[in-house]
Amino acid sequence: MFKKLSIVLVVTFSLSSCVAIFSSRYSKVNLSCPTPDVSIYSKGNLIGKGNITSKFKKKEVSQNLILKKEGYLDKNYSFNVQKKNPLRFVNLISIPTIYGPYICSGIDYSTGKKFQYNKNIVIPVMTPEPSKRTANQKYLQVNRASISIKKMDTLFVRYKNEKSFKAKKIDNVEFFNEDIRYEETSYNNTLTKFLKKYNFIDTTESIFPNYGNTSYIESAIEKVKFHSIAPKNAYAAHFINSSGEVLFAETQIKWIILDYYRVKLDSITITVTSDIFKLYEENENNEKDKKDNGNSGIVKALNNSVELSMVELLSKEKFKKLIEKPVEKIAFSKIKLKHEKYNSKSLNELIQASVTIKTGKDSHGSGFIISSDGYIVTNYHVVAGVGAKKVVVILNDGAKYDATIERTAPSCDLALLKVDAKSLPHMQIKSYKLKDLELGSDVSTIGTPKSVELGQSVAKGIVSGTRSPNENINYIQTNIAVNPGNSGGAFLDSKGNVIGVVTSKLVGYGVEGIAFAIPSNYIFDSLKLEY
């Protein structure tokens, strides 16, 4: 009896499971792409070039391809099993054995042979690489990259299979439970690497970026809709421990372009559709890889969206115009400064002509009066972004004045303010150029470091160097300890003459005593002043 039963089972399996026994473990797939002569890679190996036919294991349920071609962005394309094997109908032969079809179906599922890939797959056209930065364009720095999405603007749309996706028959829609807000996200690195590849990042790591050669960009993912397509039979995928889902993202990204002083110039919103990725990557044992919190496809789709959006951004004429290097035309008429007869003054007296400039509740800088009728010099970056608003000037004696911004020279970081007052104490500007300076000579500065409560603080040091990073501007280097808030303060020689304007300092671990001032000849030349 046992021998007869064994024979029946063997015959049943042999006849009924034609899918498992006689069907190939592989599907032949014809791959093509409208972009000609692309190199197609699977699992890091080149499988062909151009339109090719290749075999893929059915049991793996989903495949991931990388397309490469010089002059184009690498393209990711994932696909999964979407057809049933026609040999599955032979399993009906096993009906007389009652349990035969169930047993054989289990075998078919475990081998992955019950389903197969579409015979013909057309991969979407590849995206051409953007042009590299030209000589008349500024370098770009990433000021901030963030995700700022309201929960109703983040969707995960699932489709049962490719046929349902093409017919727009949604199986399930998931909304996120709360708003998503992240600053300095992981795709910040993606953006920086992308800009570096196309020469928009200054790889010389110069310590002298400036208004004429550098702009900043910010990006924020505002809306995202993930489309996930399941294999033909999701149960089969889970049977062999693989989700088999592939997905892509429709992503809306807002780009904000700022000048070197972080003043917003404009914004551009772009919506892109990402490449297609596996929802989960499988490791070599064909098990779900849980790194990236199990959402590696989601992360890759977002990173890819950033790259594609950046390509489109770089191609827009509006953006190209915003990052052109400026040709600054000075059309100011001359201003003749009013001043009393000037004699050498002590620092104690010069403090009376030093001012604090408040531009907001928690922001301030320094400046100094240069005429008895209320003209004041400061840095452009102190008042950048203020626009038509008036700023408040605080004198050493506590008197406050509303000041208007008369003129600016962003390329050398200078600005001229005016208060409505008379007979004010003021400083004398001496037109110093780098060649006039003696290294090691004594210098001092007066300003408001860190807090308004520290207004008119005096610091001393020496001229420690002269720097000419480019043809447009020069700097005096000093070892004076300056701090945020000192910007725009007077830089004085030993006789109390203004020979420069404090503009910046180097900061960082192990860096101390390296600050810079703009030589005073720029005050006359750029702001068009004279005595």
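Residues numbered from 1 in each chain as written. Predicted model: local features only at pLDDT ≥ 70, side-chain atom pairs only at ≥ 80, totals over all residues. Heavy atoms only, no water.

Topic: the overall build of the protein chain
Stage number 1. When helices and strands are tallied, the protein chain shows 11 helices and 31 strands.
Stage number 2. The 531 residues of the protein chain split such that 50% are buried.
Stage number 3. Of all intrachain contacts in the protein chain linking residues separated by at least 6 positions in sequence, the fraction that spans at least 24 positions is 70%. (Helix = DSSP H or I, 4+ residues; strand = E, 2+ residues; numbered from the N terminus. Buried < 20%, exposed > 50% of the residue type's maximum accessible area, 1.4 Å probe, protein only. Contact = heavy atoms within 4.5 Å.)

Some words on the pattern of salt bridges
Stage number 1. Using the criterion set out here, one finds 12 salt bridges in the structure.
Stage number 2. Close ionic contact of K68 with D74 constitutes a salt bridge, the shortest N to O distance being 2.7 Å.
Stage number 3. Residue class for K68 comes out partly exposed when judged on its relative accessible area of 33%.
Stage number 4. In this structure D74 comes out as partly exposed when scored by relative accessible area, which is 44%.
Stage number 5. Salt bridges here are not isolated pairs; linked through shared partners, they connect R158, E174 and E245. (Salt bridge = Lys/Arg side-chain N within 4 Å of Asp/Glu carboxyl O.)

A short note on the sheet that holds strand 9 (residues 120-122)
Strand-to-strand pairing in sheets goes through backbone hydrogen bonds, with the strands running parallel or antiparallel.
Stage number 1. The strand order 4-1-9 describes an open sheet built from three strands, whose pairing is mixed. Of all strands in the sheet, those with a lone pairing partner are strand 4 (52-57) and strand 9, marking the two edges. When the angles between neighbouring strand axes are averaged without regard to direction, this sheet yields 35°.
Stage number 2. Sheet analysis places strand 1 (residues 26-32) next to strand 9, joined by three bridges and oriented parallel. Looking at the pairing, L31 lines up with I121 of strand 9. (Pairing = 2+ DSSP bridges. Axes fitted to C-alpha atoms, helices over the stretch in contact; angles between N-to-C directions.)

Things to note about the sheet that holds strand 24 (residues 414-419)
Stage number 1. Read around the closed barrel, the six strands follow the order 19-20-21-24-23-22; overall the barrel is antiparallel. The mean inter-strand angle of the sheet, taken between neighbouring strand axes irrespective of direction, is 40°.
Stage number 2. As judged from the two bridges shared by strand 20 (residues 363-369) and strand 21 (residues 375-378), these two strands associate in the antiparallel manner. By the bridge assignment for strand 21, I369 is matched with I376.

Quick look at the nonpolar core
Stage number 1. Counting 46 residues, the largest nonpolar core has F368, I370, V393, L414, M427, I523 and L529 as the members making the most contacts within it.
Stage number 2. Among the elements that take part in this core, strand 24 stands out by supplying five residues, more than any other.
Stage number 3. Every residue in contact with L529, bar those within four places of it in the chain, is listed here: K334, I335, L337, I370, L416, I523 and F524.
Stage number 4. The next biggest cluster of nonpolar side chains, apart from the first, holds 41 residues, and it includes L73, A145, A249 and A301. (Core = buried A, V, L, I, M, F, W, Y, C linked by side-chain atoms within 4.5 Å.)

As for helix 5 (residues 187-197)
Stage number 1. The set of residues buried in helix 5 consists of Y187, N188, T190, L191, F194 and L195. Buried residues in helix 5, looked at end-on, bunch into an arc of 160°, giving them a common side. For helix 5, the exposed residues set more than 90 degrees away from the buried face come down to N189, K193 and K197.
Stage number 2. On its buried side, helix 5 packs onto strand 10 (139-149), strand 14 (214-229), strand 15 (246-258) and helix 7 (296-315). (Arc of directions from axis to C-beta.)

So, the side chain of T478
Stage number 1. Topologically, T478 is positioned in strand 27 (residues 473-478).
Stage number 2. The class of T478 is buried, set by a relative accessible area of 3%.
Stage number 3. A polar contact of 3.2 Å, which involves the side chain of T478, links it to the backbone nitrogen of I480.
Stage number 4. Excluding residues that lie within four positions of it along the chain, T478 makes contacts with V443, I462, S464, F491, G513, I514 and A515. (Polar contact = N/O pair within 3.5 Å; in protein donor to acceptor, adjacent residues only side chain to side chain.)

So, helix 7
Stage number 1. Helix length check: helix 7 (20 residues) gives 29 Å between terminal C-alpha atoms against 28 Å at 1.5 Å per residue, within 8%.
Stage number 2. Among the 20 residues of helix 7, 15 are classified as buried, and the element is accordingly described as predominantly covered. (Expected span 1.5 Å × (residues − 1).)

Topic: a positive patch on the surface
Stage number 1. A cluster of basic residues, K28, K55, K83 and K119, forms a positive patch on the protein surface.
Stage number 2. Turning to its location among the elements, K55 is positioned in strand 4. (Patch = residues over 30% accessible without salt bridge, like charges linked within 9 Å, V, L, I, M, F, W, Y side chains within 5 Å. Areas by Shrake-Rupley, 256 points an atom, 1.4 Å probe, with all protein chains shown as cover. Lys, Arg positive; Asp, Glu negative; His and termini not counted. Charge placed at Lys NZ, Arg CZ, Asp CG, Glu CD.)

Topic: the environment of S520
Stage number 1. Along the polypeptide, S520 turns up in the loop between strand 30 (515-519) and helix 11 (521-527).
Stage number 2. C-alpha of S520 to C-alpha of I499: the two residues are 21 residues apart in sequence and 4.8 Å apart in space.
Stage number 3. For S520, the residues in contact, after removing those within four places along its chain, are I429, K430, S431, Y432, V498, I499 and G500.
Stage number 4. A polar contact is formed between the side chain of S520 and the backbone nitrogen of Y432, at a distance of 2.8 Å.

Some details on the packing of helix 5 against helix 7
Stage number 1. It is at 10 Å that the axes of helix 5 and helix 7 come closest, and there the two elements cross at 40°. Judged by the angle between their axes, helix 5 and helix 7 are oblique. In the packing of helix 5 onto helix 7, the handedness of the crossing is right-handed. Contact with helix 5, carried on its side by Y187, T190, L191, F194 and L195, involves N303, V306, E307, M310, V311 and L314 of helix 7 and no other residues of that element.
Stage number 2. Class assignment for the residues of the contact of helix 5 with helix 7 results in eight nonpolar, two polar and one charged. (Parallel < 35°, antiparallel > 145°, perpendicular 65-115°, else oblique. Left-handed = near helix turned anticlockwise from the far one by under 90°. Nonpolar A, V, L, I, M, F, W, Y, C, P; charged D, E, K, R; others polar.)

A word on the packing of aromatic side chains
Stage number 1. Summed over all chains, the structure comprises 14 aromatic pairs.
Stage number 2. A centroid spacing of 5.1 Å and a plane angle of 80° characterise the contact between Y159 and F165, whose relative ring orientation is edge-to-face.
Stage number 3. Classification of Y159 as buried rests on a relative accessible area of 7%.
Stage number 4. Here Y260 and Y261 contribute two aromatic rings whose centre-to-centre distance is 5.1 Å and whose plane-to-plane angle is 75°, an arrangement assigned as edge-to-face. (Phe/Tyr/Trp six-rings, centres within 6.5 Å; stacked < 30°, edge-to-face > 60°.)

Observations concerning the confidence of the model for the protein chain
Stage number 1. Overall, the predicted model of the protein chain reaches an average pLDDT of 82, with 81% of residues at or above 70.
Stage number 2. Residue range residues 237-241 is modelled with pLDDT below 50. Its contacts to residues more than four positions away, or to other chains, number 18 contacts.
Stage number 3. Throughout residues 290-294 the model reports pLDDT below 50, and contacts reaching past four residues in sequence, or to other chains, amount to five contacts. (pLDDT = per-residue confidence, 0-100.)

Overview of the environment of N136
Stage number 1. Relative to the elements of secondary structure, N136 occurs in the loop between strand 9 and strand 10.
Stage number 2. The spatial distance from the C-alpha of N136 to the C-alpha of I323 is 8.6 Å, given a sequence separation of 187 residues.
Stage number 3. If we ignore the near neighbours within four places in the chain, the residues touching N136 are I323, E324 and K325.
Stage number 4. There is a polar contact of 2.5 Å between the side chain of N136 and the side chain of T134.

Some thoughts on a nonpolar patch on the surface
Stage number 1. Together, M152, I170, V173 and F175 make up a nonpolar patch on the protein surface, roughly 370 Å² of accessible area in all.
Stage number 2. As for its placement among the helices and strands, F175 is situated in strand 12 (residues 172-175).

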